[in-house]
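One letter stands for each residue in the lines below.
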Amino acid sequence: MVERSAGPPSSAATAPTPSPDGQPTLAARLTDQGFHTGICSAMGWMSAEWNNRQGYRESIGAASLDALPLAENALGAFAQQLQPGERWFLHLHFTEPRAPYAPPTPTSATSPGCPPSFDLSDHDQHYEADDAWPDLGPADQANLEQHLRLRYTAETRWLDDQLRTLFAELDAGGWLDDTLVVVWTDHGEQFWEHGEQTHAWTLNAQENDAILAFWRRGGAPLHWTGPTHAVDLVPTVLSMLGLPVDPDLPGFVVGEAPADRIRVSTSMARQGPQVAATGNGYKLVYDFDGGLFLWDRPGDRADAEPLPMAQWDTDAVRPLWQAIGPMADLLQAAGPEFPRVPPALPPGL
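Residues numbered from 1 in each chain as written. Predicted model: local features only at pLDDT ≥ 70, side-chain atom pairs only at ≥ 80, totals over all residues. Heavy atoms only, no water.

## Structural notes on the pairing of strand β9 (residues 263-269)
Part 1 of the argument: Taken across its seven residues, β9 has five buried, putting it largely inside the fold.
Part 2 of the argument: Bridging between β9 and strand β10 (residues 272-279) involves seven bridges; their strand directions are antiparallel. Looking across to β10, one finds that Ala-269 is bridged to Gly-272.
Part 3 of the argument: Between β9 and β10, which pair antiparallel in sequence order, lie two residues. (Buried < 20%, exposed > 50% of the residue type's maximum accessible area, 1.4 Å probe, protein only. Helix = DSSP H or I, 4+ residues; strand = E, 2+ residues; numbered from the N terminus. Pairing = 2+ DSSP bridges.)

Okay, structure coming up:
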């Protein structure tokens, strides 16, 4: 399995406590079923420090941040521990593209116009550019955004090239002969649609929407267009492998969730704790500063314009607000240092 992700927060003031023990991870489920499980990641979030390596039998050090050498090193180390005929699960956690966007071929990231007055290949200056954005004139804003989007695209294409080489090596080595491959992302990237750049700012679509894809040799192409959620990954993989799915496990097999399911997501990052609930044609977001915002879904998939409270369908929104409450309680327990301001509610909610 391959994934790309963000690193931990930039400030200890926004860092959550480590994950509690006993999480129903995919690795734990597969280890219980006799799989040899391993993970290789160079990012802090997936370290033992945050207790996010639960269930893996083997923890492999990352030789590089780059996808191809990271994967090749992990495969070599993992293969040495496998027994003949042993079932296995290897989680390769890639980081590209992420700030600073620094594709190895500089010419692929150039753009017309005057270069911005920041070194966008430097992490600190990348975020200085984000901080400076509100004070720039329209032309400078457009120029900066153009440069960053091109650099982001170039780094994404570079990752594509690395994955193409990796999958050719996997195929040649027999790793794909009887294997389910899962590719998923844990977030997107904002380009000032909601006032910031990169990710870990909000739960809006640009950052919160992601992709999930499955591949096996000989599998017929399918495209699922219905709503799904990150928690659906575990039961879906177990089902595709013919393994038992615990009815108490969070999530559903993709395509089997009830039509009226409310999907809840949380974040505790650069702007403090936030909870979002999506369903009934709407998306409701609550932040601990007391903000409460509602977007039309699917009419406004970009979360561009929150609906005025006077236009809220309180009967449809009420279940979303009720779903947010328990998750906000969990976030409060995980981050008691964050004050929680009750929002102003429309009549009837």
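From this point, things continue past the structure.
## Section: the pairing of strand β11 (residues 282-287)
Part 1 of the argument: In terms of burial, β11 is a largely internal element, six of the six residues being buried.
Part 2 of the argument: Going residue by residue along β11, you find Tyr-282, Leu-284 and Tyr-286 tucked away on one face and Lys-283, Val-285 and Asp-287 tucked away on the opposite face as well.
Part 3 of the argument: Two strands pair when backbone bridges link them, and β10 and β11 are joined in this way by six bridges, in the antiparallel orientation. Opposite Ala-276, over in β11, you have Val-285 as the bridge partner.
Part 4 of the argument: Sheet topology places β11 next to strand β12 (residues 292-296); five bridges connect them, and they run antiparallel. In the strand pairing of β12, Tyr-286 is matched with Leu-292.
Part 5 of the argument: The antiparallel hairpin formed by β11 and β12 contains four residues in its connecting segment, where Gly-290 sits at a positive phi of about 100°.

## Some details on the confidence of the model for the chain
Part 1 of the argument: The predicted model of the chain averages 90 in pLDDT, with 93% of residues at 70 or higher.
Part 2 of the argument: Per-residue pLDDT stays below 50 along residues 1-14; that stretch engages in 61 contacts with residues further than four places along the chain or on separate chains. (pLDDT = per-residue confidence, 0-100. Contact = heavy atoms within 4.5 Å.)

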